[in-house]
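Structural characterization, general
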Amino acid sequence: MVLAYDAAANSWGDLGRVPALPNTRSAVVKTAPGTFLVINGEIKPGLRTDAVKFVTFGENLADWSDVAVVPAPVW
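Just so we're clear, the structure is a prediction, and the values are computed from it rather than from any experiment.

1. Overview of the environment of Val-67
Summarising the element assignment, Val-67 is placed in strand β6 (residues 62-67). Judged by relative accessible area, which is 35%, Val-67 ranks as partly exposed.

2. Quick notes on the packing of aromatic side chains
All told, the structure shown has 2 aromatic pairs when counted by the stated rule. Their ring planes at 50° and their centres at 5.1 Å tell us that Tyr-5 and Trp-12 sit as a pair that is tilted. Summarising the aromatic geometry, the rings of Phe-36 and Phe-57 are spaced 6.0 Å apart at their centres and angled 65° between planes, so their arrangement reads as edge-to-face. Here Phe-36 is found in strand β4 (residues 35-44), whereas its partner Phe-57 is found in strand β5 (residues 47-57), with 21 residues between them in sequence.

3. Here's the deal with the nonpolar core
Among the nonpolar cores identified, the biggest contains 6 residues, and these are Val-2, Leu-15, Val-38, Val-55, Ala-62 and Trp-64. Residue contacts for Ala-62: discarding those within four places in its chain leaves Leu-15, Val-55, Thr-56 and Phe-57.

4. Quick look at the sheet that holds strand β3 (residues 27-32)
The strand order across the open sheet built from 4 strands is β3-β4-β5-β6, with neighbouring strands paired in antiparallel fashion. Of all strands in the sheet, those bounded by a partner on one side alone are β3 and β6. Each neighbouring strand pair of the sheet contributes to a mean axis angle of 30°, computed without reference to strand direction. Two elements, β3 and β4, share 5 bridges in a ladder whose sense is antiparallel. Bridge assignment links Val-29 to a residue of β4, and that residue is Leu-37.

5. Side note on the layout of surface pockets
Looking at the largest pocket, its volume works out to about 290 Å³. Lining the largest pocket are 17 residues, and of these Val-18, Asn-23, Val-38, Lys-53 and Trp-64 lie nearest its centre. Of all the secondary-structure elements, those providing two or more residues to the lining of the largest pocket are β4 and β5. At 6 residues, β5 tops the list of elements feeding residues into the lining of the largest pocket.

Conventions adopted
- Residues numbered from 1 in each chain as written.
- Predicted model: local features only at pLDDT ≥ 70, side-chain atom pairs only at ≥ 80, totals over all residues.
- Heavy atoms only, no water.
- Helix = DSSP H or I, 4+ residues; strand = E, 2+ residues; numbered from the N terminus.
- Buried < 20%, exposed > 50% of the residue type's maximum accessible area, 1.4 Å probe, protein only.
- Phe/Tyr/Trp six-rings, centres within 6.5 Å; stacked < 30°, edge-to-face > 60°.
- Core = buried A, V, L, I, M, F, W, Y, C linked by side-chain atoms within 4.5 Å.
- Contact = heavy atoms within 4.5 Å.
- Pairing = 2+ DSSP bridges.
- Axes fitted to C-alpha atoms, helices over the stretch in contact; angles between N-to-C directions.
- 1 Å grid on protein atoms, 1.4 Å probe; cavity = no way out; pocket = protein on both sides within 12 Å on 5 of 7 lines; lining within 4 Å.
- Points joined across faces, edges and corners; volume = space filled by probe spheres on them.

Printed below as a string of structure tokens:
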């Protein structure tokens, strides 16, 4: 779930579910006001994901879509 806190109203709102496994330690890049890329991360300790998601936050929702994976570096 994505929760949003409204400081003016001192209340929480529900923006819906994330359509992917939850992950931590992701890189997040703001691409425009209210839009972000969520890049990679860990889906459980020691297991990283190459998934990239694009999210747009609206007044009462979060709209998610997949983006091409980030390729692994060539050493």
